[in-house]
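# A look at the structure
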Amino acid sequence: MTEKKIRVGIIGCGVIAKNHQQAFQAHPHAEVVGVVDVDIRRAQDFAAQWDIPNAYSDVAELLASGIDAVAICTPHPTHEALVIQAAEAGVHVLCEKPLSTDFAATQRMITACENAGVLLSGMFQRRWWPAAQEIKAAVEHNPAIMGHVHLALHREHSYYTRDAWRGSWDADGGGVMMNQAVHYIDLLLWFMGDVVEVSGRLNSFKHADNIEVEDSAVATLTFASGAMATLNLTTSATPAFGATVHVTTRDGSSMTLLESPEGTEGRLINNGHGDHIDSTAAYPEGIVPNVDLRTINDQLIPFHTLQVANFVDALLGTQQLLVDGPEATKALRTLLAVYQSHRTGQPVLVGNTPAPTTVRVPEDIGI
Ligand SMILES: NC(=O)c1ccc[n+]([C@@H]2O[C@H](COP(=O)([O-])OP(=O)(O)OC[C@H]3O[C@@H](n4cnc5c(N)ncnc54)[C@H](O)[C@@H]3O)[C@@H](O)[C@H]2O)c1
């Protein structure tokens, strides 16, 4: 095993930066050597808290300090410029989700990293739940034909008002789909393949006074294989339930991932053999709590750690990178198609091939 240590910088010292710090520190061949934030006090406090030698307010200084890789933990609108700046400095990039809120921007980011010969990865740490990997292994041999994502999450109004960039189309790029559901749509697509057609509707039921984006969405997705799935998503639930991702496979078996409460490790509650394999009551008292955001993010650390390990190992040449740039844009493209469908009231085609179907509806069905 190599003795080389990957020298890492963290860009953005807000809420999620701690997950990256702990994840990189947990790897025997990585060390965080510098952090940067436009608010220098945040960078200095973070560096002091985690014993990191260097704190900057200028990204260029961090990039010139001899680092091999950066973790980008800043608001979405800043991702494109930062990824391209890092690539041009010859520094590998792990960027928080979503890579961008604009699909064309993600393509520019991917091209910049390819041209510079650096790795680009997008953070989708839920792929490292053992239960998610179990479903992935099962659908490799037994493809999924039907899928569903159900998200009933709770967000306070303060979640949207705390940071100026939250809740607007310009900065946040969307609501429940762009920020929360992107993780579960990513899992669904990882299990089911490429989407070719999307129809959807949006609304804001609880947060409309504070945000211009959606707090709720429904959609139907059709895949290149002919498989079909539905989305049912909201941050208006009180109390929260959490998330489920469900697939039924060609041989008729069904598998359900349950993340409840939000932030806890996704469990496989029934497997492809029809067994109900996890009957543990999530809430013995029958009450589902509204979990606060810091608790949610803390509980994600083990899975940030596993994805960061994959990123570091890919840099060391000992593992294949699981979520590369193109892979990290698939869920984004699908949810952007839901926005487009809501805007136009029409289905949106996102692939060149129409999905196969064996069903022909008679012309006169009498409505
Ligand atoms: N993977 C996950 O489960 C997960 C969870 C939470 C957040 N996120 C993502 O992480 C990103 C950051 O979210 P957050 O909640 O930590 O945000 P935050 O607002 O708490 O922190 C962002 C920090 O970045 C700094 N910053 C802004 N622009 C900068 C720039 N150009 N250069 C340097 N620093 C800059 C801000 O001053 C702030 O300290 C978002 O894209 C979000 O979607 C991912």
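Every chain is numbered independently, its residues counted from 1 as its sequence is written. This being a predicted model, a pLDDT of at least 70 is required before a residue's local features are given, and a value of 80 or more before pairs of side-chain atoms are given or counted; all residues contribute to the totals for chains, interfaces and linings. Water and hydrogen atoms were dropped before computing side-chain values, which therefore reflect all heavy atoms in the structure.

### Regarding a nonpolar patch on the surface
Taken together, the side chains of Val359, Val361 and Ile365 make up a nonpolar region of the molecular surface, amounting to roughly 300 Å² of accessible area. Counting from the N terminus, the helices are the DSSP runs of H or I reaching at least four residues and the strands are the DSSP runs of E reaching at least two. For Val359, the position within the fold is in the segment after β14 (348-349). Burial classes follow relative accessibility: with a 1.4 Å probe on protein chains only, a residue under 20% of its type's maximum area counts as buried, one over 50% as exposed, and anything between as partly exposed. Judged by its relative accessible area of 54%, Val359 falls in the exposed class. Patch rule: a residue counts if its relative accessible area is over 30% and it has no salt bridge; like charges are joined within 9 Å, and nonpolar side chains (Val, Leu, Ile, Met, Phe, Trp, Tyr) within 5 Å. Computed by Shrake-Rupley with a 1.4 Å probe, the accessible areas treat only the displayed protein chains as cover when residues are assessed. We count a salt bridge whenever a side-chain nitrogen from Lys or Arg sits within 4 Å of a carboxyl oxygen from Asp or Glu.

### Brief notes about the UniProt feature "domain: GFO/IDH/MocA-like oxidoreductase" (unreviewed entry) in the protein chain
The sites that carry the UniProt feature "domain: GFO/IDH/MocA-like oxidoreductase" (unreviewed entry) are, in the present numbering, residues 150-252. As a span, residues 150-252 carries 22% helix and 34% strand, and end to end its C-alpha atoms are 20 Å apart. UniProt positions are given in the numbering used here, feature names are shortened, and annotations may be inferred rather than shown by experiment.

### So, the packing of helix α8 (residues 176-192) against helix α12 (residues 330-344)
Interaxial distance between α8 and α12 falls to 8 Å at its minimum, and their mutual angle equals 120°. Judged by the angle between their axes, α8 and α12 are oblique. α12 is crossed by α8, and the crossing has right-handed handedness. Where α8 abuts α12, its residues Met177, Met178, Val182, Ile185, Asp186 and Leu189 lie against Lys330, Ala331, Leu332, Thr334, Leu335, Leu336, Val338 and Tyr339. Between N-to-C directions, angles cover 0 to 180 degrees, with each direction set by a line fitted to C-alpha atoms, over the stretch in contact for helices. Angle categories: roughly parallel below 35 degrees, roughly antiparallel above 145, roughly perpendicular from 65 to 115, and oblique for all the rest. Crossing handedness: left-handed means the near helix sits turned counterclockwise from the far one by under a right angle, and right-handed means the same turn made clockwise. Working rule for contacts: check all heavy atoms of both residues, and any pair within 4.5 Å makes them a contact.

### Focus on the pattern of salt bridges
This structure, assessed with the given rule, holds 12 salt bridges. Between Arg127 and Asp186 there is a salt bridge, and its shortest N-O distance comes to 2.8 Å. Placement of Arg127 in the loop between β6 (120-122) and α6 (130-141) and of Asp186 in helix α8 is noted, with a sequence separation of 59 residues between them. Neither Arg127 nor Asp186 differs from the other in exposure class; each is buried. Linked by salt bridges that have partners in common, Arg127, Asp186, Asp194, Glu327 and Lys330 make up one network.

### Some words on the layout of surface pockets
If you add up the space inside the largest pocket, you get close to 1100 Å³. With a 1 Å grid laid over protein atoms only, a set of points is called a cavity when a 1.4 Å probe fits there but cannot get out and a pocket when it is open yet has protein on both sides within 12 Å along at least five of seven lines; lining residues have an atom within 4 Å of a point. Taken together, 46 residues line the largest pocket, and the ones lying closest to its centre are Gly14, Val15, Ile16, Cys73 and Arg166. Broken down by element, the residue count for the lining of the largest pocket peaks at five residues, all from helix α2 (residues 40-50). Throughout, the ten residues Ala, Val, Leu, Ile, Met, Phe, Trp, Tyr, Cys and Pro are labelled nonpolar, Asp, Glu, Lys and Arg are labelled charged, and all others, Gly among them, are labelled polar. Taken together, the residues of the lining of the largest pocket break down into 19 nonpolar, 13 polar and 14 charged. Shared between two domains, the lining of the largest pocket takes at least three residues from each, and those domains are domain 1 (6-122) and domain 2 (127-295). Grid points are joined across faces, edges and corners, and a volume is the space filled by probe spheres set on the points. A domain assignment, automatic or from a database, supplies the domain bounds used here.

### What to know about the nonpolar core
Think of a nonpolar core as a cluster: buried Ala, Val, Leu, Ile, Met, Phe, Trp, Tyr and Cys residues, connected wherever their side-chain atoms sit within 4.5 Å. In terms of nonpolar packing, the biggest core is built from 77 residues, with Val70, Leu188, Phe191 and Leu221 touching the most fellow members. Taken domain by domain, the makeup of this core includes at least three residues from each of domain 1 (6-122) and domain 2 (127-295). Not counting the four nearest positions on each side in its chain, Leu221 is found in contact with Leu188, Leu189, Val195, Glu197, Val198, Ala227, Met228, Ala229, Leu231 and Thr334. Listed in part, the 27 residues of the second largest apolar core include Cys13, Val35, Ala43 and Val308.

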